[in-house]
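Each chain, written out:
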Amino acid sequence: MPPTISKVSLIARRASLHSTESFAITILFDSTILFVTGNKDIVSFNTFVKNNYKIMRLLEHKQFGSIELKNSMVMAAMTRSRAEKNAMPTDLMLSYYQQRSTAGLIITEAINISEGAIGSPYTPGIYSQGQIDAWQQITSAVHKNGGKIVAQLWHTGRVAHSI
């Protein structure tokens with residue numbers, strides 16, 4: 001069955017966004033899609049993609065400094081206010097990060113570096129031994145699933161207050 005016009009236009013649109021040269025698309029009777037490049041070479045779709053696309057390959061392993069990531073997906077930090085009143089990370093937080101350990105890299109929510117750094121209620125800390133132990137459980141759970149996690153350390157400056 002030949003490709004539909006919408007499929008061909010999608011392929012053309014994708015190719016034009018990433019191509020480094022001009023091209024034309026030809027569809028053969030057996031539904032093979034060929035590209036005629038600017039210098040008159042006739043190539044298959046896969047060859048065209050390999051030679052001309054600048055694709056971000058999300059699922060390939062990446063090196064990020066000294067950290068090898070299993071993919072290019074990074075989960076951005078966000079403050080969720082799910083810690084206990086004493087800034088202790090909770091089982092709910094452990095579950096949250098563990099569920100997302102397939103991301104290439106997890107950046108934690110903001111973690112208070114001291115009792116005087118707190119700017120929002122129920123945000124986690126990392127300044128007592130109990131908090132450190134709780135974060136070690138979280139990072140171990142992420143690592144056990146093959147994930148990588150880094151901490152976003154936080155001090156809110158002049159707006160900091162005790163709660």
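Residues numbered from 1 in each chain as written. Predicted model: local features only at pLDDT ≥ 70, side-chain atom pairs only at ≥ 80, totals over all residues. Heavy atoms only, no water.

## Describing the overall build of the chain
Stage number 1. A count of helical and extended segments in the chain gives four helices and eight strands.
Stage number 2. Shown N-terminal to C-terminal, the secondary structure of the chain runs as helices and strands in the order α-β-β-β-α-β-β-β-α-β-α-β.
Stage number 3. Out of the 163 residues in the chain, the part that is buried amounts to 32%.
Stage number 4. When contacts within the chain are restricted to residue pairs at least 6 apart in sequence, long-range pairs at least 24 apart make up 59% of them. (Helix = DSSP H or I, 4+ residues; strand = E, 2+ residues; numbered from the N terminus. Buried < 20%, exposed > 50% of the residue type's maximum accessible area, 1.4 Å probe, protein only. Contact = heavy atoms within 4.5 Å.)

## Comments concerning the pairing of strand 8 (residues 149-154)
Stage number 1. Where strand 7 (residues 105-112) and strand 8 come together, five bridges link them in parallel fashion. Bridge pairing in strand 8 places Ile-111 opposite Leu-153.
Stage number 2. In this fold, the crossover linking strand 7 to strand 8 by way of helix 4 (residues 129-144) has right-handed handedness. (Pairing = 2+ DSSP bridges. Right-handed = clockwise from strand over helix to strand, strands pointing away.)

## Some points on the packing of aromatic side chains
Stage number 1. For the structure on display, the rule yields two aromatic pairs.
Stage number 2. Ring geometry for Tyr-96 against Tyr-97: centres 5.2 Å apart, planes inclined by 80°, an arrangement best described as edge-to-face. When sorted by exposure, Tyr-96 lands in the same class as Tyr-97, which is buried.
Stage number 3. Joined through ring pairs, the aromatic side chains of Tyr-96, Tyr-97 and Trp-135 make up one cluster.
Stage number 4. Across from the ring centre of Tyr-96, 3.5 Å away, lies the NZ or CZ of Arg-80, which sits over that ring. (Phe/Tyr/Trp six-rings, centres within 6.5 Å; stacked < 30°, edge-to-face > 60°. Lys NZ or Arg CZ within 6 Å of the ring centre and 35° of its normal.)

## Thoughts on helix 3 (residues 91-99)
Stage number 1. Of the positions making up helix 3, those classed as buried are Met-93, Tyr-96 and Tyr-97. Here the buried residues of helix 3 occupy an arc of 90° about the axis, which is enough to place them on one side. Exposed residues pointing more than 90 degrees away from the buried face of helix 3 are listed as Asp-91 and Gln-99.
Stage number 2. Against strand 6 (74-75), strand 7, helix 4 and strand 8 lie the buried residues of helix 3. (Arc of directions from axis to C-beta.)

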